[in-house]
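Listed below are the residues making up each chain.
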Amino acid sequence: MIVNNELLQSQASLLQKGLVDLEIQDEELSKILDDEVKRQHRTLSLVASCCAVTPRALVASASALVNVTAEGTPGRRYHAGCKNVDLVESLAIRRAQKLFGAQYAGVQSHSASSANYQVLSALLEPGDILLGMNLDHGGHLTHGSPVTFSGTYYRSIGYGTTSEGLIDYDEVRRLAHIHHPRIIICGATAYSRIVDFEQFRKIADETGSILLADISHIAGLVATGRHPSSINAAHVTTTCTHKQLAGPRGGLIMSGRDANEKVPGLKTTFARTLEQAVFPRMQGAPAVNMIAAKAAAFGYAMSPEFDAYMNRIRITADAMAIEFQKRGYEIIGGGTENHTILIRLHGSMTGSIAESALEQCGIIVNKNRVLGETRSSFVTSGLRIGTGSLAQRYIDQLGCVQLVDLVCRILAAVKPLDEHEFVLNPAVCELFRSETEALCAMYPLISYTEG
């Protein structure tokens with residue numbers, strides 16, 4: 001086959017050829033991918049860790065940079081052919097620094113979990129003490145859960161929340177003074193209130209600890225000033241680039257005023273230590289196409305459109321939390337100050353059943369453990385709801401009322417049989433599904449046009 005090379009020497013041409021080839025030469029996969037796009041448009045995602053990637057980040061992730069092996073950092077590669085890779089990574093670093101006000105930014109981590117482990121591996125020795133938030137109280141697996149690397153290689157101590165569902169800073173201080181952890185981790189995966197990073201730093205300084213802040217769930221709110229920043233409060237900050245930044249699935253490691261300070265007990269600065277933690281310590285060649293997508297996401301995150309998006313996230317979260325409370329549901333923490341609403345379910349209704357029943361009706365949520373949990377992680381007594389995807393649909397106050405009402409009516413129509421099995425009349429389920437699709441049509445997923 002004769003191919004006009006001139007027509008293929010642009011990103012747009014390569015993408016177009018790839019789309020055509022996929023549709024013609026791999027019809028099975030092409031159909032699955034198309035069906036997934038349709039599913040996302042025809043269902044309402046209330047998953048706290050999800051939003052739709054922007055078109056620019058989606059295109060950048062499919063760039064020809066994927067063909068380049070680029071171990072090392074800009075200007076210090078172990079391979080040739082990295083001129084444009086260096087430009088892209090340097091751009092992503094500059095944008096991340098500007099967006100968050102960081103002095104150091106490392107953009108190579110494949111995920112936030114990878115970023116957390118890279119930081120821990122660089123700053124801790126096996127057996128060192130780590131103080132992190134208990135999973136049942138809203139923490140993340142990588143913050144010291146006993147089933148993970150962080151909870152098995154290190155001596156993990158857990159702190160929790162008060163009976164009101166708020167971080168118990170007195171307990172954090174008490175445990176820190178007793179155990180003198182090498183690292184304290186703050187940040188959460190299922191916590192609806194403001195995290196007081198300055199208070200955590202005071203405790204870390206009192207006990208000679210290093211403070212690591214994981215802002216994966218609130219990165220967009222932090223970047224736009226709707227949540228206090230951790231950058232200069234914590235020694236190190238990590239985040240993912242997809243939950244609120246509408247970018248690719250990847251990680252980011254940053255440091256603010258401590259970047260050029262020496263790490264306690266080490267001869268290198270935080271910036272140098274963090275850089276080496278990724279490569280060569282724990283990761284080989286970076287996914288440079290994803291770094292390009294991160295650069296695109298950071299560029300979008302500095303725009304007025306993104307600021308308006310973060311504002312909608314907050315407005316929508318407040319509106320939905322109030323509506324659930326009106327209908328008798330307990331919101332852990334008493335409300336929300338970010339994008340997350342953690343709901344305790346009623347009676348014999350489990351998170352497993354609620355998740356499955358709502359999905360049958362076109363509403364996507366995730367089951368979650370709640371304060372005082374007695375059920376396993378595969379069952380749970382709660383739901384974690386987030387408004388990232390809803391805000392991309394420009395859902396308004398009326399839409400929030402309609403959606404919460406629909407969720408509550410679906411749950412009321414479900415008859416639990418045990419922790420996982422339930423009965424939901426198929427005809428009623430179909431009616432609920434129709435209502436969901438009507439809401440999808442009223443508030444279409446237009447994030448692919450970025451507003």
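Note that this is a predicted model, so its numbers are computed, not measured.

1. Regarding empty space enclosed by the protein
(1) Moving on: Under the definition given, this model contains three cavities of 30 Å³ or more.
(2) Moving on: Taken as a whole, the largest cavity encloses approximately 120 Å³ of empty space.
(3) Moving on: Along its surface, the largest cavity is lined by 16 residues, and His137, Ala190, Tyr191, Ile332 and Leu342 are the ones closest to its centre.
(4) Moving on: When its residues are assigned to classes, the lining of the largest cavity shows seven nonpolar, seven polar and two charged.

2. A closer look at the packing of helix α13 (residues 351-360) against helix α15 (residues 397-413)
Two quantities define a packed helix pair, namely the angle between the axes and the distance from one axis to the other.
(1) Moving on: Between α13 and α15, the shortest axis-to-axis distance is 10 Å and the interhelical angle comes to 115°. By crossing handedness, the relation of α13 to α15 is classed as right-handed. Of α15, the residues touching α13 (which contributes Ala354, Ala357 and Leu358) are Val407, Ile410 and Leu411.
(2) Moving on: Considering only residue class, the contact of α13 with α15 consists of six nonpolar, no polar and no charged.

3. Side note on a nonpolar patch on the surface
(1) Moving on: A cluster of nonpolar side chains, namely Leu29, Ile32 and Leu33, defines an oily patch on the protein surface of about 260 Å² accessible area.
(2) Moving on: In this fold, leucine 29 is placed in helix α2 (residues 27-42).
(3) Moving on: We classify leucine 29 as partly exposed; its relative accessible area is 36%.

4. Notes on the side chain of arginine 201
(1) Moving on: With respect to the secondary-structure elements, arginine 201 resides in helix α8 (residues 197-207).
(2) Moving on: On the accessibility criterion, arginine 201 (7% relative accessible area) is buried.
(3) Moving on: With sequence-adjacent residues up to four places away left out, arginine 201 is seen in contact with Leu211, Asn232, Ala233, Ala234, His235, Arg257 and Asp258.

5. Looking at the UniProt feature "domain: Serine hydroxymethyltransferase-like" (unreviewed entry) in the chain
(1) Moving on: As recorded in UniProt, the sites labelled "domain: Serine hydroxymethyltransferase-like" (unreviewed entry) are residues 23-402.
(2) Moving on: As annotated, residues 23-402 comprises 42% helix and 14% strand, and the C-alpha atoms at either end are separated by 38 Å.

6. A closer look at the layout of surface pockets
(1) Moving on: A volume near 400 Å³ is recorded for the second largest pocket.
(2) Moving on: What lines the second largest pocket is a set of 18 residues, and nearest its centre among them are Leu135, Leu141, Thr189, Lys367 and Asn368.
(3) Moving on: For the lining of the second largest pocket, the leading source of residues is strand β14 (residues 366-368), giving three residues.
(4) Moving on: Across the lining of the second largest pocket, the residue classes break down as four nonpolar, 10 polar and four charged.

7. Quick word on the UniProt feature "binding site: (6S)-5,6,7,8-tetrahydrofolate" (unreviewed entry) in the chain
(1) Moving on: Per the UniProt entry, the sites bearing "binding site: (6S)-5,6,7,8-tetrahydrofolate" (unreviewed entry) are Leu135, Gly139, His140, Leu141, Glu261, Ser376, Ser377 and Phe378 in this numbering. Maximum C-alpha separation among the annotated residues is 43.3 Å over a sequence range of 244 residues, too wide for a single clustered spot. Of the annotated set, the members that line the largest cavity are Leu135.
(2) Moving on: Looking at the element boundaries, leucine 135 is found in the loop between β5 (129-133) and α6 (149-152).

8. A look at the nonpolar core
(1) Moving on: Counting residues in each nonpolar core, the largest one holds 63 residues, and the members touching the most others are Phe100, Tyr159, Ile167 and Phe200.
(2) Moving on: Considering each element in turn, this core owes the most residues, nine residues, to helix α11 (residues 288-301).
(3) Moving on: If we ignore the near neighbours within four places in the chain, the residues touching tyrosine 159 are Leu131, Gly132, Met133, Asn134, Ile167, Glu171, Val172, Leu175, Ile185, Cys186 and Phe200.
(4) Moving on: In this structure, Leu44, Leu46, Ile385 and Val404 belong to the second largest nonpolar core, which totals 39 residues.

9. As for the sheet that holds strand β7 (residues 183-186)
(1) Moving on: Taking strand neighbours across the sheet as the criterion, the seven strands line up as β4-β10-β9-β8-β7-β5-β6 in an open arrangement whose pairing is mixed. Edge strands, defined here as strands with exactly one partner in the open sheet, are β4 (104-106) and β6 (155-159). Strand-to-strand twist of the sheet, defined as the mean angle between neighbouring strand axes without regard to direction, takes the value 20°.
(2) Moving on: Two strands pair when backbone bridges link them, and β5 and β7 are joined in this way by two bridges, in the parallel orientation. For leucine 131, the partnering residue across the bridge sits in β7 and is isoleucine 184.
(3) Moving on: Across the sheet, helix α10 (residues 270-282) lies against β4, β8 (210-214), β9 (236-240) and β10 (251-255), angled at about 160° from β10, the strand it touches most.

10. A word on the packing of aromatic side chains
The description of two aromatic rings rests on the distance between their centres and on the angle between their planes.
(1) Moving on: The tally for this structure, following the rule as stated, stands at nine aromatic pairs.
(2) Moving on: Ring centres 5.7 Å apart and planes at 90° place the aromatic pair phenylalanine 149 and tyrosine 154 in the edge-to-face group.
(3) Moving on: The class for phenylalanine 149 is partly exposed, based on a relative accessible area of 26%.
(4) Moving on: Both rings, one in phenylalanine 306 and one in tyrosine 309, keep their centres 6.0 Å apart while their planes meet at 75°; by these two values the pair is edge-to-face. Of this pair, phenylalanine 306 and tyrosine 309 both sit in helix α12 (residues 304-326), three residues apart, which is roughly one turn of the helix.
(5) Moving on: Since its relative accessible area comes to 0%, phenylalanine 306 is described here as buried.
(6) Moving on: Ring-pair connections join several aromatic residues into one group, and the members of that group are Tyr117, Phe149, Tyr153 and Tyr154.

11. Structural notes on the packing of helix α4 (residues 83-100) against α11
(1) Moving on: Close contact between α4 and α11 brings their axes to 9 Å; oriented N to C, the two are set at 35°. Along this stretch, α4 crosses α11, giving a crossing that reads as left-handed. Contacts between α4 and α11 pair Val85, Val88, Glu89, Leu91, Ala92, Arg95, Ala96 and Leu99 from the former with Val288, Ile291, Ala292, Ala295, Ala296, Phe298, Gly299 and Ala301 from the latter.
(2) Moving on: Looking at the contact of α4 with α11 residue by residue, the class counts come to 13 nonpolar, one polar and two charged.

Definitions and cut-offs
- Numbering of residues starts from 1 in each chain and follows the order in which that chain's sequence is written.
- Two thresholds apply to this predicted model, a pLDDT of at least 70 for residue-level local features and 80 or more for giving and counting side-chain atom pairs, whereas whole-chain, interface and lining totals are computed over all residues.
- To obtain the side-chain values, all non-hydrogen atoms of the structure were used and water was disregarded.
- Think of a 1 Å grid over just the protein atoms. A cavity is a set of points where a 1.4 Å probe fits yet cannot get out, a pocket is an open set with protein on both sides within 12 Å along at least five of seven lines, and lining residues have an atom within 4 Å of a point.
- Grid points are joined across faces, edges and corners, and a volume is the space filled by probe spheres set on the points.
- By the convention adopted, Pro, Cys, Tyr, Trp, Phe, Met, Ile, Leu, Val and Ala count as nonpolar, Lys, Arg, Asp and Glu as charged, and the other residues, Gly among them, as polar.
- To get an axis, fit a line to the C-alpha atoms, keeping to the stretch in contact for a helix; angles then go from 0 to 180 degrees between the N-to-C directions.
- The numbering of helices and of strands both runs from the N terminus, where a helix is a DSSP run of H or I of at least 4 residues and a strand a run of E of at least 2.
- A clockwise turn of the near helix away from the far one marks a right-handed crossing, whereas an anticlockwise turn of less than a right angle marks a left-handed crossing.
- Throughout, a contact is declared for two residues whenever any of their heavy atoms are within 4.5 Å.
- To count toward a patch, a residue needs a relative accessible area over 30% and no salt bridge; like charges are then connected within 9 Å, while nonpolar side chains (Val, Leu, Ile, Met, Phe, Trp, Tyr) are connected within 5 Å.
- Note that accessible areas follow from Shrake-Rupley with a 1.4 Å probe, and for residues the cover is restricted to the protein chains shown.
- The term salt bridge refers to a pairing of a side-chain nitrogen on Lys or Arg with a carboxyl oxygen on Asp or Glu at a separation within 4 Å.
- Using a 1.4 Å probe on the protein chains alone, a residue whose accessible area is under 20% of its type maximum counts as buried, one over 50% counts as exposed, and one in between counts as partly exposed.
- UniProt positions are given in the numbering used here, feature names are shortened, and annotations may be inferred rather than shown by experiment.
- Note on terminology: a nonpolar core comprises buried Ala, Val, Leu, Ile, Met, Phe, Trp, Tyr and Cys residues joined through side-chain atoms within 4.5 Å.
- Any two strands are treated as partners once DSSP identifies two or more bridges connecting them.
- Side-chain rings of Phe, Tyr and Trp (the six-membered ring for Trp) are treated as a pair once their centres are within 6.5 Å; stacked means planes under 30 degrees apart, edge-to-face means over 60, and tilted covers the remaining angles.

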